[in-house]
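Coordinate analysis (summary)
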Amino acid sequence: MFDIGASLDRELQEGRTNRPVVLFIEPEDPRVIEAATRVPRFARPVFLATEEQVEAVIAEHLGHVDPARLEFMLSEAAFCELAGCPELQEELAQAVLTMPAERRPVEGLEAAREFTATPAGFGIMAVHEGHADMVVGGAQHEPRDFFRPMIKVMQKEPVVCEAGIIILPDSHPEGIYPHNILVIGDVGVNATVDPETLARSAVGTCAVARDLIPMDELREIRGVIVSYSNRGGDEGPSPRLVREATQLLPRFMAERCEKGARYCSIDIEGEVKINVALSQRSAQLYRKGGEGNGEYKGTNVLITPNLDTGNLLFHLFATRYPDAHKFGAVFGIRFRGVDLPMDVEPEDAALAVKAAVLRLQKFGEWQRTPRDTFFPRPRILAINPGSTSTKLAIFEGEEEIFGEELKHPAEELEPFEGQRISAQFEFRKDAIEDFLAKHDLSVEQLDAVSARGGLVKPIPHGTYAVNQRMREDLMSETGADHASNLGALIAHALVGDRDKPAYIVDPVVVDEMDDRNRVTGLKEIRRKAISHALNQIATAHRYARDAETFYERLNVIVCHMGGGISIGAHRQGRFIDVNNALDGEGPFSPQRSGSLPVGDLIRLCFSGKYTMEELLKLNKGRGGLIDLLGTTDFMLVEKKYLAGDPDFAPVFEAMCYQISKWICSMVPAFDGEPVDRVLLTGGLARARPLVALVEKACEPLGCGVSVYPGENEMVALAQGALRVLSGREDVREYAPE
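By convention here, each chain's residues receive numbers from 1 onward along its written sequence. Where local features are concerned, this predicted model is filtered to residues with pLDDT of at least 70; where side-chain atom pairs are given and counted, the filter is 80 or more; whole-chain, interface and lining totals use all residues. Note: side-chain values were computed over all heavy atoms of the structure, leaving out hydrogens and water.

Description of a negative patch on the surface
Put simply, the rule is: Nonpolar side chains (Val, Leu, Ile, Met, Phe, Trp, Tyr) are joined into patches within 5 Å and like charges within 9 Å, using only residues with over 30% relative accessible area and no salt bridge. Each accessible area is a Shrake-Rupley result for a 1.4 Å probe, and residues are judged covered by the shown protein chains and nothing else. Salt bridge criterion: a side-chain nitrogen from Lys or Arg within 4 Å of a carboxyl oxygen from Asp or Glu. Positive charges come from Lys and Arg, negative ones from Asp and Glu, while His and the chain ends are left out of the count. By convention, the point assigned to a charge is CZ for Arg, NZ for Lys, CD for Glu and CG for Asp. A run of H or I in DSSP counts as a helix once it spans at least four residues, and a run of E counts as a strand once it spans at least two, with each numbered from the N terminus. Residue exposure (1.4 Å probe, protein chains only): buried if accessible area is under 20% of the type maximum, exposed if over 50%, otherwise partly exposed.
A surface patch of negative charge is lined by Glu411, Glu412, Glu414 and Glu417. You can see Glu417 is positioned in the loop between α15 (410–413) and α16 (425–438). Judged by its relative accessible area of 64%, Glu417 falls in the exposed class.

Here it is as structure tokens:
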């Protein structure tokens with residue numbers, strides 16, 4: 001049986017940008033709430049109820065659902081009780097009056113107020129006015145109360161139709177529908193059909209099929225408009241309707257192909273007997289000499305010339321094969337509504353929502369929810385100072401609006417040579433203020449400033465408010481010096497006395513190691529945690545969202561692979577072990593020597609061949625690939641490996657082996673608890689041969705590997721601030737022992 005759920009998830013994951021806001025108007029129905037637990041990765045649920053009301057339904061009816069999944073869904077959802085938002089209801093009622101007459105669901109202000117006081121009317125108009133992107137209903141609403149007014153208000157195409165998608169189980173006879181995938185149209189909209197309506201419905205239904213079924217599953221979408229006549233073999237109003245509709249198909253298909261090249265894989269035939277469409281034997285008899293030349297290719301899409309037949313076919317299959325996955329998809333309303341049948345199962349309801357979200361993204365027009373009524377989008381400035389540049393980005397909620405890397409040429413930094421990094425404070429702050437001015441922004445227009453944390457004292461992970469103690473530690477003459485130290489100082493200075501927070505998020509010195517992890521064989525040397533904590537923890541949070549749970553519920557090993565490589569054990573929300581990547585501990589990397597045989601290292605230190613400074617440079621900066629191969633260009637190293645270069649290939653494989661070995665070495669940190677996932681991140685995670693070798697080496701762990709390429713630091717800074725601003729996390733106070 002084709003796994004439509006996994007297919008939708010995969011395509012949604014690959015194309016994910018922002019998450020649309022989906023309004024569920026029937027939160028008293030436990031099937032709807034259970035369906036909503038399956039969508040927060042890809043959409044933001046809103047329930048027309050209080051959180052307490054939804055929790056009461058959960059407590060009474062959903063004891064079989066994983067509590068972590070329910071808790072996660074609730075944390076990602078918004079709640080709006082109709083009685084509690086009279087101003088919004090009035091706004092929506094007034095909006096009804098401004099609509100074109102042919103789109104108005106009711107006439108007159110009082111009727112509009114009555115309409116928007118109902119869950120269906122409120123939901124439809126909330127989407128129409130941009131407060132949400134999609135409304136989901138029908139499980140407890142008659143078509144006249146939800147579906148009909150929805151398509152009337154939201155119609156964007158000349159013809160609206162509803163496709164019925166059926167994924168048949170393996171018990172269905174093979175050879176009729178390729179891969180047992182069947183799409184039927186129209187199953188719910190057009191009671192009166194003329195040739196144009198039928199032709200457009202045929203094209204629309206096939207377009208839905210093409211949007212939802214990947215090309216590698218069905219190379220072609222083969223639709224037929226069925227009739228009791230086959231290619232002029234009989235007469236009557238119905239065959240005549242089908243013939244006239246068939247003549248219009250080329251024009252409407254050309255219009256559809258202009259909207260996307262994928263639609264050119266659609267082929268639609270007209271006036272075909274249903275047994276010819278579904279039978280190889282009948283095809284050989286009836287199609288002989290015709291367009292099909294007797295060849296039976298298999299049908300994916302059946303388009304019927306009237307609503308009764310389409311609806312009947314859909315429900316016949318649904319009742320005959322109760323294990324089938326079946327859901328509807330409306331064409332012609334820009335994916336803004338999902339109609340659920342009254343006998344819907346939770347999984348099929350979730351499939352219908354995911355299908356609508358996928359089509360919304362594929363169409364390419366939607367960017368984000370027009371208004372932030374249900375999910376406020378605080379404006380956050382993220383600051384990441386580096387040695388020769390300062391990265392800046394403005395976020396509104398989870399979305400990066402714009403960003404820029406301010407380069408600081410050598411001549412600009414020359415006056416600060418030989419001084420501590422704090423000497424660049426005013427220079428860098430002025431550059432950031434110029435950046436804001438260039439984009440017509442002021443600090444007053446920001447809700448928070450979130451900066452990369454510097455080399456403060458070791459602290460637990462989290463988002464910290466910049467305070468006096470933190471600034472003193474960063475300015476101390478005895479403290480470690482690094483460009484990231486400027487982040488907190490500048491963030492604090494920008495907000496000044498304004499009632500706006502300045503944060504740092506997960507600095508490199510995040511340390512939650514147990515004492516046993518610090519002990520070495522020499523009492524004078526203790527292990528330290530210095531790592532890519534910001535991206536490690538952000539990646540763990542990202543995987544937790546993809547798994548629809550919380551960082552605090554997971555055991556994951558995160559491997560950040562860049563110029564340095566850090567590999568950390570994250571146990572139930574604590575960063576409990578990691579190599580000191582700053583000092584080169586761990587696997588060798590493009591610029592780090594990695595952990596070395598201690599005896600040989602000691603002998604090398606006293607050989608007189610190198611000074612201490614030279615050895616420190618070999619350990620960090622001139623070690624790893626640059627010492628072994630003379631380059632830090634990993635794309636070149638990868639290319640040489642794939643070409644079988646005898647110098648490069650063994651080093652590439654050795655580096656992958658060491659990464660894998662250090663990943664597996666973290667297993668004891670979990671004290672016998674299973675590892676949920678290995679996560680690969682950082683710039684080198686883009687290298688597929690490296691990922692493939694690490695995946696293979698880690699197979700014995702049995703947990704699988706997920707890949708999140710890139711540094712992701714700016715997003716991590718914004719999300720750390722957002723978790724605090726949204727109340728999902730408490731802000732931490734910097735007060736190290």
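Here we look at unusual backbone geometry
Along the chain, Gly185 connects to Asp186 via a cis peptide bond; the corresponding omega equals -10°. Within the fold, Asp186 resides in the loop between β6 (181–185) and α9 (195–212). You will see that Glu271, though not glycine, has its phi angle at about 50°, which is positive. Mapped onto the elements of the fold, Glu271 is located in strand β8 (residues 266–273). The class of Glu271 is buried, set by a relative accessible area of 5%. Of note, Arg334 is a non-glycine position whose phi angle comes to about 60°, a positive value. Looking at where Arg334 falls in the secondary structure, it is placed in the loop between β10 (325–331) and β11 (337–339).

As for helix α13 (residues 307–320)
Stated precisely, the cut-off is as follows: By this rule, a helix spans an expected 1.5 Å times one less than how many residues it contains. Directions pointing from the helix axis toward each C-beta atom define the arc. Any two residues whose heavy atoms approach within 4.5 Å are treated as being in contact. In protein, a polar contact requires one atom able to donate a hydrogen and another able to accept it; more generally it is a pair of N or O atoms within 3.5 Å, and residues adjacent in sequence count only if both atoms are side-chain atoms.
Spanning 14 residues, α13 covers 20 Å between terminal C-alpha atoms, matching the ideal 20 Å at 1.5 Å per step. Those residues of α13 lying buried are Leu307, Gly310, Leu313, Phe314, Phe317 and Ala318. Axial view of α13: buried residues confined to an arc of 140°, hence all on one face. Away from the buried face of α13 by more than 90 degrees, exposed residues Asp308, Leu312, Thr319 and Arg320 are located. Buried residues in α13 make contact with α8 (147–154), β5 (161–167), β6, α11 (274–278), β9 (301–303) and β10. The opening residue of α13 is Asn306, an N-cap whose side-chain oxygen sits 3.3 Å from the backbone nitrogen of Asp308.

Focus: the sheet that holds β6
The condition that has to hold: Two strands pair under a simple rule: DSSP has to find at least two bridges between them. In this analysis, axes come from line fits to C-alpha atoms, helices being fitted only over the stretch in contact, and the angle between any two N-to-C directions falls in the range 0 to 180 degrees.
In space, the six strands of this open sheet follow the order β8-β7-β9-β6-β5-β10, with mixed pairing throughout. Each edge of the open sheet is held by one strand with a lone partner, namely β8 and β10. The mean angle between the axes of side-by-side strands here comes to 20°, regardless of whether they run parallel or antiparallel. On top of the sheet, helix α10 (residues 237–259) reaches β7 (221–227), β8 and β10; it is set at about 175° to β8, its chief contact.

Overview of the sheet that holds β11
Consider a sheet: its strands pair through backbone hydrogen bonds, and that pairing is either parallel or antiparallel. Here we have five strands laid out as an open sheet, ordered β3-β2-β1-β4-β11, and parallel in their pairing. Each end of this open sheet is capped by a strand with a single partner; those strands are β3 (78–79) and β11. Summarising the sheet, strand β1 (residues 21–24) and strand β2 (residues 44–47) pair through four bridges and their orientation is parallel. Its bridge partner lying in β2, Phe24 is registered against Phe47. Here helix α14 (residues 346–363) sits on the sheet in contact with β1, β4 (134–137) and β11, set at roughly 160° to β4.

Notes on the nonpolar core
Cut-off, in case you're wondering: We call a set of buried residues a nonpolar core when its members are Ala, Val, Leu, Ile, Met, Phe, Trp, Tyr or Cys and they connect through side-chain atoms within 4.5 Å of each other.
Residues Phe24, Ile165, Leu212, Ile268 and Leu340 are the most contacted members of the largest nonpolar core, which totals 76 residues. Top element by residues in this core is α14. It accounts for eleven residues.

A short note on the layout of surface pockets
Selection rule: Detection works on a 1 Å grid of protein atoms alone, calling trapped sets that fit a 1.4 Å probe cavities and calling open sets with protein on both sides within 12 Å along at least five of seven lines pockets, with lining residues defined by an atom within 4 Å of a point. Grid points are joined across faces, edges and corners, and a volume is the space filled by probe spheres set on the points. Amino acid classes used here: Ala, Val, Leu, Ile, Met, Phe, Trp, Tyr, Cys and Pro are nonpolar; Asp, Glu, Lys and Arg are charged; the rest, including Gly, are polar.
The computed volume of the largest pocket comes to approximately 1300 Å³. Taken together, 32 residues line the largest pocket, and the ones lying closest to its centre are Asp583, Gly594, Leu596, Leu601 and Asn619. For the lining of the largest pocket, the secondary-structure elements that each account for two or more residues are α20 (598–605), α21 (612–619) and α22 (625–628). Of the residues contributing to the lining of the largest pocket, the split by class is 16 nonpolar, ten polar and six charged. Approximately 960 Å³ is the volume found for the second largest pocket. Looking at the second largest pocket, it is lined by 31 residues, and the ones nearest its centre are Arg16, Glu398, Arg542, Arg545 and Gln719. Every element with two or more residues in the lining of the second largest pocket is listed here: α1 (4–15), α4 (67–76), β14 (399–407), α19 (533–546) and α26 (713–725). Per-element tally for the lining of the second largest pocket: the top contributor is α19, with six residues. A per-class count over the lining of the second largest pocket returns nine nonpolar, nine polar and 13 charged.

Regarding the environment of Thr373
Tracing the backbone through its elements, the reader meets Thr373 in the loop between α14 and β12 (379–385). Leave out the neighbours within four places in its chain, and Thr373 touches Leu88 and His131. Of note is the side chain of Thr373, whose polar atom sits 2.5 Å from the side chain of His131.

Quick word on the packing of aromatic side chains
Heads up, the rule is: Pairs were defined over the aromatic rings of Phe, Tyr and Trp, the Trp ring being its six-membered one, requiring ring centres within 6.5 Å. Orientation was assigned from the angle between planes: stacked under 30 degrees, edge-to-face over 60, tilted for the rest. Two conditions define a charge located above a ring, namely a distance within 6 Å from the ring centre to NZ of Lys or CZ of Arg, and an angle within 35 degrees of the ring normal.
This model, assessed by the stated rule, comprises nine aromatic pairs. An angle of 55° between the planes, with centres 6.0 Å apart, marks the rings of Phe402 and Phe435 as tilted. With Phe402 in strand β14 and Phe435 in helix α16, the pair connects residues that are 33 residues apart, well separated along the chain. By relative accessible area, which is 2% here, Phe435 ends up buried. Pairing Tyr641 with Phe652 gives two aromatic rings, centres 4.1 Å apart and planes at 15°, and the pair type is stacked. Placement of the pair is Tyr641 in helix α23 (residues 634–642) and Phe652 in helix α24 (residues 648–665), with a sequence separation of eleven residues. Phe652 carries the same exposure label as Tyr641, and that label is buried. Each member of the aromatic cluster is reached from another via a ring pair, and the members are Phe24, Phe47 and Phe79. Directly above the aromatic system of Phe252 lies the positively charged group of Arg200, at a separation of 4.0 Å from the ring centroid.

Things to note about the side chain of Asn300
Positionally, Asn300 belongs in the loop between α12 (280–286) and β9. A distance of 2.5 Å separates a polar side-chain atom of Asn300 from the backbone nitrogen of Arg222.

As for the environment of Ile268
With respect to the helices, strands and loops of the structure, Ile268 is situated in strand β8. Along the chain, Ile268 and Thr192 lie 76 residues apart, while their C-alpha atoms are 21 Å from each other. Setting aside anything within four residues of it in sequence, one finds Ile268 in contact with Ala202, Val203, Cys206, Gly223, Ile225, Leu249 and Met253.

All we've got here are geometric facts, nothing functional implied.
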